[in-house]
Amino acid sequence: AALSARFSRIKELLAPLVAAVKTVPVASFVVICLIWLSAENLSVFISFLIVLPVVYGNVLEGLKSEDKLMLEVGTVFTSPYPGDTSSYEIFSDAVSAKGLAMTVPELGESYTLGEAKLEFIGPLEEYDNLNDDSLVMRLEYGDTSFLFTGDMTSKAERDLLEDGANVKCDVLKVAHHGSKYSSSEDFLAKASPETAIISVSADDTALPDYYITALLNSVCKNVYRTDSDKTVMITVENGEICTKTHA
């Protein structure tokens, strides 16, 4: 995906393969692959076929929509419970290649960014689900607040509410690409955002979940999606939230 984002020729070469994997029924591949693969390896191959289009599409979309003016990184924050996955290893290697160090913030720790204040309010503990181990951050700039929820599910949302965390926000980065396992009614009611942003690939046909999208539209004044709105940039000018999309 990284090479496809950088080199159009590679993207063109891979496009038929990715399209075939997305459109051809898995059962058809299974029948063909039984000729070469043993039964033990077949389940791994099927999982690869299911995951490949989603991961490829998400990474490619993210790299294509990056803002060149926002590539300078000063500090890299990571969860205290990152897990042992190949994705995290790739991320860690990329950080090291830039000569940067990982910073693991303490729960409740805050950083000042000019007139803005960034506070880490989660995760509260180590969970069985890596999604719930996502960093949860609340940013305040004057009277305007933002909440970044990572991929946490409704379980971590419930724990934050029970712990008394301040999740009230004007702008919400919707958890887990708008999946049905996050953004519970109780959490959205407590957060009460005016604007919500769903980060999701245009190639992902399963996300965001229809019910969650409807729920967000009933709670929020504005709902943006990166699959249709592309890059979403929000600024605060004289106390007013200004949104610009690059669709």
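Structure: see above.
First, a word on what this report is: a plain description of the structure on this page. No experiment lies behind these values; they were computed from the predicted model shown.

**So, the overall build of the chain**
Here comes step 1: Of regular secondary structure, the chain possesses eight helices and eleven strands.
Here comes step 2: Scaling as 2.2 N^0.38, a compact globule of 247 residues should have a C-alpha radius of gyration of about 18 Å, and the chain matches this with 20 Å.
Here comes step 3: By its C-alpha atoms, the chain is 60 × 40 × 35 Å across when sized along the principal axes.
Here comes step 4: Expressed as a percentage of its 247 residues, the buried residues of the chain come to 34%.
Here comes step 5: Taking as baseline every contact in the chain between residues at least 6 positions apart, the subset at least 24 positions apart corresponds to 55%.

**Some remarks on helix 8 (residues 210-219)**
Here comes step 1: Of the positions making up helix 8, those classed as buried are Ile 212, Thr 213, Leu 215 and Leu 216. With its buried residues spanning 160 degrees around the axis, helix 8 presents them on a single face. Facing away from the buried side of helix 8, by more than 90 degrees, are the exposed residues Tyr 210 and Ser 218.
Here comes step 2: Measuring from the backbone nitrogen of Tyr 211 back to the side-chain oxygen at the start of helix 8 gives 3.0 Å, which picks out Asp 209 as the cap.

**Examining the nonpolar core**
Here comes step 1: Membership of the largest hydrophobic core comes to 24 residues, with the highest contact counts inside it found for Val 136, Leu 147, Met 152, Val 167, Leu 172, Val 174 and Leu 216.
Here comes step 2: Looking at this core, the elements that each hand over two or more residues are helix 6 (154-163), helix 7 (185-191), strand 8 (195-198) and helix 8.
Here comes step 3: In this view, Leu 172 contacts Leu 147, Thr 149, Leu 188, Pro 193, Thr 195, Ala 196 and Ile 197; residues no more than four positions away in its chain are not counted.
Here comes step 4: Membership of the second largest hydrophobic core comes to 13 residues, among which are Leu 135, Ile 197, Tyr 224 and Ile 234.

**Brief notes about the pattern of salt bridges**
Here comes step 1: A full pass over the atoms with the stated rule returns three salt bridges.
Here comes step 2: Here Glu 12 makes a salt bridge to Arg 9, at a shortest N to O gap of 3.8 Å. Of this pair, Glu 12 and Arg 9 both sit in helix 2 (residues 8-23), three residues apart, which is roughly one turn of that helix.
Here comes step 3: Note that Asp 227 and Arg 225 form a salt bridge whose closest N and O atoms lie 2.6 Å from each other.
Here comes step 4: On the basis of relative accessible area, Asp 227 is assigned to the buried category, the value being 15%.

**Some remarks on helix 2**
Here comes step 1: For helix 2, spanning 16 residues, the distance from its first C-alpha to its last is 22 Å, which sits close to the expected 22 Å at 1.5 Å a residue.
Here comes step 2: Along helix 2, the sharpest kink reaches roughly 35 degrees, centred on Leu 14 and followed within four residues by the proline Pro 16.

**Overview of a nonpolar patch on the surface**
Here comes step 1: Taken together, the side chains of Ile 50, Val 51, Val 54, Val 55 and Val 59 make up a nonpolar region of the molecular surface, amounting to roughly 370 Å² of accessible area.
Here comes step 2: On the secondary structure map, Val 51 appears in helix 4 (residues 39-64).

**Details of the pairing of strand 9 (residues 222-225)**
Strand residues, when the strand is regular, have side chains that alternate between the two faces of the sheet.
Here comes step 1: In terms of strand pairing, strand 8 meets strand 9 through four bridges, oriented parallel. Its bridge partner being in strand 9, Ile 198 is matched across the sheet by Arg 225.
Here comes step 2: Note that the unit made of strand 8, helix 8 and strand 9 has a crossover that is right-handed.

Analysis parameters
Residues numbered from 1 in each chain as written. Predicted model: local features only at pLDDT ≥ 70, side-chain atom pairs only at ≥ 80, totals over all residues. Heavy atoms only, no water. Helix = DSSP H or I, 4+ residues; strand = E, 2+ residues; numbered from the N terminus. Rg over C-alpha atoms; globule rule 2.2 N^0.38 Å. Buried < 20%, exposed > 50% of the residue type's maximum accessible area, 1.4 Å probe, protein only. Contact = heavy atoms within 4.5 Å. Arc of directions from axis to C-beta. Polar contact = N/O pair within 3.5 Å; in protein donor to acceptor, adjacent residues only side chain to side chain. Core = buried A, V, L, I, M, F, W, Y, C linked by side-chain atoms within 4.5 Å. Salt bridge = Lys/Arg side-chain N within 4 Å of Asp/Glu carboxyl O. Expected span 1.5 Å × (residues − 1). Bend = angle between axes of the 7 residues up to and from the residue. Patch = residues over 30% accessible without salt bridge, like charges linked within 9 Å, V, L, I, M, F, W, Y side chains within 5 Å. Areas by Shrake-Rupley, 256 points an atom, 1.4 Å probe, with all protein chains shown as cover. Pairing = 2+ DSSP bridges. Right-handed = clockwise from strand over helix to strand, strands pointing away.

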